[in-house]
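Each chain is listed here by its residues.
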Protein chains: 2
Amino acid sequence: MTKYQNQLTETFSALADPTRRAIVSRLCEGPASIGELSEPFKIALPTLLKHVQILEKSGLVSTQKTGRVRTCRIETGALKAGDDWLRQHLALWEDRLDRMEHHINTMKKEH
Amino acid sequence: MTKYQNQLTETFSALADPTRRAIVSRLCEGPASIGELSEPFKIALPTLLKHVQILEKSGLVSTQKTGRVRTCRIETGALKAGDDWLRQHLALWEDRLDRMEHHINTMKKEH
DNA sequence: TTGATACTTAGTCATGTGACGAAGTATTGA
DNA sequence: TCAATACTTCGTCACATGACTAAGTATCAA
C-alpha cells in the first residue's frame, strides 16, 4: 500500500467514528483543549485522548502542549485529501454516464 | 445516533478499507460481476463478497442478480453525502480563518 | 511546599473486522 | 441429464478497536 493509500485509509478510518467526527466538528469552531473537548461527551478522558491521538496520526488534527494543557486544532490537509478522492470518483462516474448518454443519442440519430 | 450519522459512519467505514476503495474505483469505470471484481485481487471469493456486501449496505454500491451472475454498480448518493460532510467542514474552518484575518486587519487599522 | 488540575500511561475486556477453507446452492451449456 | 460455472453460506481464527478503571506525571496557584 502506497503512502497516499495509507493516508486515505487513516483519514477515512478516523472519520468512520461518530465521536471523532464530533471532535472534528467542534474543532472547526476553533481550537480546544482535551478537557474542553471531553465535556460534551459521556466518555472517560483516556478514551477521548485516544480518539484525539488517532485524529492526530491521520493528520486531521494537530496538537500542542503548553504547560499542562494540550490544545487541539483542525488541519485541513487530510480533509482535503479525502474530499479530493470522493470528488475524483464522483467525476469519473458522472463522465461515464455522460459518455453513455451521448452514445445513446448518437445511436438514436442513426435510425 | 441519527440515521444521517449512521449513514456517514457506514460510508466512511466502507471507504476506510483499501480493497473496498479499489472496488469503488473499479466500478467507476463501469459495472462488473463479483468474479470480474475479484480477478485483480489476491483474496478469496468469500472475502470479496463480504466487501461488496459492506459497500452495498453503506449505499456506495448496488447489486442485482441475473441468472447466476451478480452485477455490481456505483451509487453516487453515499459518495455525495461523504463529500458534503467534508466540504461543509472545510468551509466552516476556512470561514473561521477568514473572520480571524478580518479581525486582525481591523485591529491593525485601529492603531 | 503542597494540594489541585490536566492530562497520560498501563492494563483489561468485550466486540468487531478481515481473512481463510470447505461445503453448499442455483444456473447454464453440452 | 450432468458437469462446469458463479456465487453463497458456514465455521473458524488472529488481530484491531473502543471502552473502562486505576495509577501515574507534570504544572500551576496559594
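Residues numbered from 1 in each chain as written. Chains lettered and ligands numbered in written order. Predicted model: local features only at pLDDT ≥ 70, side-chain atom pairs only at ≥ 80, totals over all residues. Heavy atoms only, no water.

An unreviewed UniProt entry lists chain A under the name Transcriptional regulator, with Aquisalinus flavus given as the organism.

A. How the structure looks around helix 2 (residues 18-28) of chain A. Buried within helix 2 of chain A are the following residues: A:Thr19, A:Arg20, A:Arg21, A:Ile23, A:Val24, A:Leu27 and A:Cys28. Here helix 2 of chain A starts with a cap whose side-chain oxygen sits 2.9 Å from the backbone nitrogen of A:Thr19, and that cap is A:Asp17. (Buried < 20%, exposed > 50% of the residue type's maximum accessible area, 1.4 Å probe, protein only. Helix = DSSP H or I, 4+ residues; strand = E, 2+ residues; numbered from the N terminus. Polar contact = N/O pair within 3.5 Å; in protein donor to acceptor, adjacent residues only side chain to side chain.)

B. Examining the interface of chain B and chain A more closely. Taken together, the contact between chain B and chain A spans 32 residues of the former and 32 residues of the latter. Between chain B and chain A, the buried area comes to about 3000 Å², and carbon and sulfur atoms account for 69% of it. Counting every contact that joins chain B to chain A gives two salt bridges. Put simply, B:Lys80 and A:Glu94 hold a salt bridge, and the shortest N to O gap is 3.5 Å. The interface formed by chain B and chain A holds seven residue pairs in polar contact (both at pLDDT 80 or more) in total. Mapped onto the side of chain B that touches chain A, the elements with two or more residues apiece are helix 1 (3-15), helix 2 (18-28) and helix 5 (76-109) of chain B. No other element matches helix 5 of chain B, which puts 14 residues into the side of chain B that touches chain A. Taken together, the residues of the side of chain B that touches chain A sort by class into 17 nonpolar, eight polar and seven charged. (Contact = heavy atoms within 4.5 Å. Buried area = accessible area lost by both parts, 1.4 Å probe. Salt bridge = Lys/Arg side-chain N within 4 Å of Asp/Glu carboxyl O. Nonpolar A, V, L, I, M, F, W, Y, C, P; charged D, E, K, R; others polar.)

C. Quick peek at the protein's contact with DNA strand C. With respect to spatial proximity, 22 residues lie near DNA strand C, and among them A:Gly35, A:Lys65, A:Arg68, B:Thr47 and B:His51 are the closest. Here, DNA strand C places atoms within 4 Å of the protein, and 66% of those atoms are sugar or phosphate. In this structure, B:Arg20 approaches DNA strand C through a side-chain N or O atom, which is 3.1 Å from a phosphate oxygen. In this structure, B:Arg68 approaches DNA strand C through a side-chain N or O atom, which is 3.2 Å from a base oxygen. Elements that contribute at least two residues to the surface near DNA strand C include exactly helix 3 (34-38), helix 4 (45-58) and strand 3 (69-74) of chain A together with helix 4 (45-58) of chain B. Among the elements that make up the surface near DNA strand C, the one with the highest residue count is helix 4 of chain B (five residues). Here the surface near DNA strand C is built from residues that sort into nine nonpolar, five polar and eight charged. (Near = heavy atom within 4 Å.)

D. Spotlight on the side chain of A:Arg21. Relative to the helices and strands, A:Arg21 is located in helix 2. There is no salt bridge for the buried A:Arg21, and the closest opposite charge comes from A:Asp17, which lies 6.9 Å off by N-O distance. Aside from chain neighbours lying at most four places away, what touches A:Arg21 is A:Leu15, A:Ala16, B:Gln5, B:Leu8, B:Thr9, B:Phe12 and B:Trp85. (Lys, Arg positive; Asp, Glu negative; His and termini not counted.)

E. Highlighting the pairing of strand 3 (residues 69-74) of chain B. Residues and elements named next belong to chain B. Note that strand 1 (residues 32-33) and strand 3 share two bridges and pair antiparallel. Residue pairing for strand 3: Ala-32 is matched across the bridge by Cys-72. Across six bridges, strand 2 (residues 61-66) lies against strand 3 in antiparallel orientation. Bridging from a neighbouring strand, Thr-63 pairs with Cys-72 of strand 3. (Pairing = 2+ DSSP bridges.)

F. Structural detail: the relation of the copies chain B and chain A. Note on the identical chains: chain B maps onto chain A by a rotation of 180 degrees and an axial translation of 0.0 Å, with an RMSD of 0.0 Å. The transformation relating the two chain copies, once decomposed into turn and shift, fits a two-fold axis. Counting the interface residues of chain B, we find that 100% of their copies in chain A are interface residues as well, pointing to one common contact surface. (Least-squares fit on C-alpha atoms with pLDDT ≥ 70 in both.)

G. Representation of the sheet that holds strand 1 of chain B. Residues and elements named next belong to chain B. If you trace the three strands from one edge of the open sheet to the other, you get 1-3-2, paired in antiparallel fashion. The sheet terminates laterally at strand 1 and strand 2, the two strands that pair on one side only. Here helix 4 sits on the sheet in contact with strand 2 and strand 3, set at roughly 120 degrees to strand 2. (Axes fitted to C-alpha atoms, helices over the stretch in contact; angles between N-to-C directions.)

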